[in-house]
Amino acid sequence: MSELLPSDRKAVEYPYIHELGVIKYVGVDNEYMQLAVAYAKEFSLDKVMPNTSVVVRDGEVIGIAANGSDFHETNGCERVRLNMPSGQGYELCEGCSPKNHGEPKAVANAQERTGEERLDGAEIYLWGHYWCCEPCWDSMVDAGITTVYLLDGSEVLFNKTHPDNVIGRQFDHLLPDPDLQ
C-alpha cells in the first residue's frame, strides 16, 4: 500500500500506486473534472461506481472513456458474491475485467484519435474513484502517462468503506454546474 500526502490533507492510503505514478487533486469545478462527471452520468455502464477518465495533453482533450459493461446486469458479479476487496480478483468476473475500466479505454481512445502509441506529456483526470488499479496504471504508464488527477476528497467520496461516501448518490452531490445535471 502506498501513501501520498495531498496538499492540505492527511495521508491517503491507496490500495495500489505505480512506482512512476503521481496523483494530484483538483476541485469539482475543474473543466476536465466537470467533463468527466457529465460523461460518466451519460455513458458509464457501471451504475454503482460510474467513472470516467479524460486524457488531456497541452490543454486539449485527446481521449475520453467511461467504465463498465452490461455483463453485471444479466450475470451479476462473482467478485461481489465472493466479497472480494476492491482491486482484487478481476480475473473472476468478465464485467470487472480491466478491459472495461475507464483508464485503459481512455488511453486507447486517445491513441486512436491521435494516431500515436505514446502519449508522453498527457495526463488523466479520473472521476468516480479514488485510486487506479495495477492494470490501469500499467496501461497508462506503458502509454507514457504518469499523472492522474483525482477529485479533491475522492478518498472519502468514492471509498466504498468510508461512512461518508456518496456511492449511489454521486450525481446528486457532485455536479456544480446546473447545466450538467
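The notes below deal with the structure included here. (Residues numbered from 1 in each chain as written. Predicted model: local features only at pLDDT ≥ 70, side-chain atom pairs only at ≥ 80, totals over all residues. Heavy atoms only, no water.)

### Brief notes about the overall build of the chain
Within the chain one finds 7 helices and 7 strands. Starting at the N terminus and ending at the C terminus, the chain contains elements arranged as β-β-β-α-β-β-α-α-α-β-α-β-α-α. Looking at the 181 residues of the chain, the share that counts as buried comes to 49%. When contacts within the chain are restricted to residue pairs at least 6 apart in sequence, long-range pairs at least 24 apart make up 61% of them. As presented, the chain carries roughly 9,300 Å² of accessible surface, and 47% of it is formed by carbon and sulfur atoms. (Helix = DSSP H or I, 4+ residues; strand = E, 2+ residues; numbered from the N terminus. Buried < 20%, exposed > 50% of the residue type's maximum accessible area, 1.4 Å probe, protein only. Contact = heavy atoms within 4.5 Å. Areas by Shrake-Rupley, 256 points an atom, 1.4 Å probe, with all protein chains shown as cover.)

### A word on the nonpolar core
Counting 31 residues, the largest nonpolar core has Tyr14, Val55, Leu119, Trp137, Met140 and Ile145 as its most contacted members. Of all the elements in the fold, those that place two or more residues in this core are strand S2 (12-14), strand S3 (22-26), strand S5 (60-66), helix H4 (102-114), strand S6 (123-127), helix H5 (134-142) and strand S7 (147-151). Membership of the second largest hydrophobic core comes to 17 residues, among which are Val37, Ala40, Leu151 and Leu157. (Core = buried A, V, L, I, M, F, W, Y, C linked by side-chain atoms within 4.5 Å.)

### Quick notes on unusual backbone geometry
The backbone of aspartate 58 sits at a positive phi, close to 55 degrees, despite the residue not being glycine. Mapped onto the fold, aspartate 58 is located in the loop between strand S4 (52-57) and S5. Accessibility expressed as a relative area gives 77% for aspartate 58, which makes it exposed. For asparagine 83, which is not glycine, the phi torsion reads 55 degrees and is therefore positive. Tracing the chain through its elements places asparagine 83 in the loop between helix H3 (78-81) and H4.

### Things to note about the pattern of salt bridges
Opposite charge on two side chains allows them to pair when their charged atoms are near. All told, the structure shown has 4 salt bridges when counted by the stated rule. Where arginine 118 meets aspartate 120, a salt bridge forms, and the shortest distance between an N and an O atom there is 2.7 Å. (Salt bridge = Lys/Arg side-chain N within 4 Å of Asp/Glu carboxyl O.)

### Structural notes on the environment of aspartate 29
Tracing the sequence through the fold places aspartate 29 in the loop between S3 and helix H1 (31-43). A relative accessible area of 59% means that aspartate 29 is categorised as exposed. The sequence separation of aspartate 29 and leucine 151 amounts to 122 residues, and the corresponding C-alpha distance is 9.6 Å.

### Looking at the environment of glutamate 155
You can see glutamate 155 is positioned in helix H6 (residues 154-157). Sequence separation between glutamate 155 and tryptophan 131 is 24 residues; the distance between their C-alpha atoms is 7.9 Å.

### Examining the sheet that holds S3
The strand order across the open sheet built from 5 strands is S3-S7-S6-S4-S5, with neighbouring strands paired in mixed fashion. Strand pairing shows two members of the sheet lacking a second neighbour, S3 and S5, which therefore form its edges. Neighbour to neighbour, the strand axes of the sheet diverge by 25 degrees on average, direction disregarded. By the bridge criterion, 5 bridges tie S4 to S6 in an arrangement that is antiparallel. Across the sheet, the residue bridging to valine 55 is isoleucine 124, located in S6. Strand contacts of H1: S3, S4, S5, S6 and S7, with the helix running at about 30 degrees to S5, the strand carrying the most contacts. Contacting S4, S5 and S6, H4 crosses the sheet at an angle of about 135 degrees to S5. (Pairing = 2+ DSSP bridges. Axes fitted to C-alpha atoms, helices over the stretch in contact; angles between N-to-C directions.)

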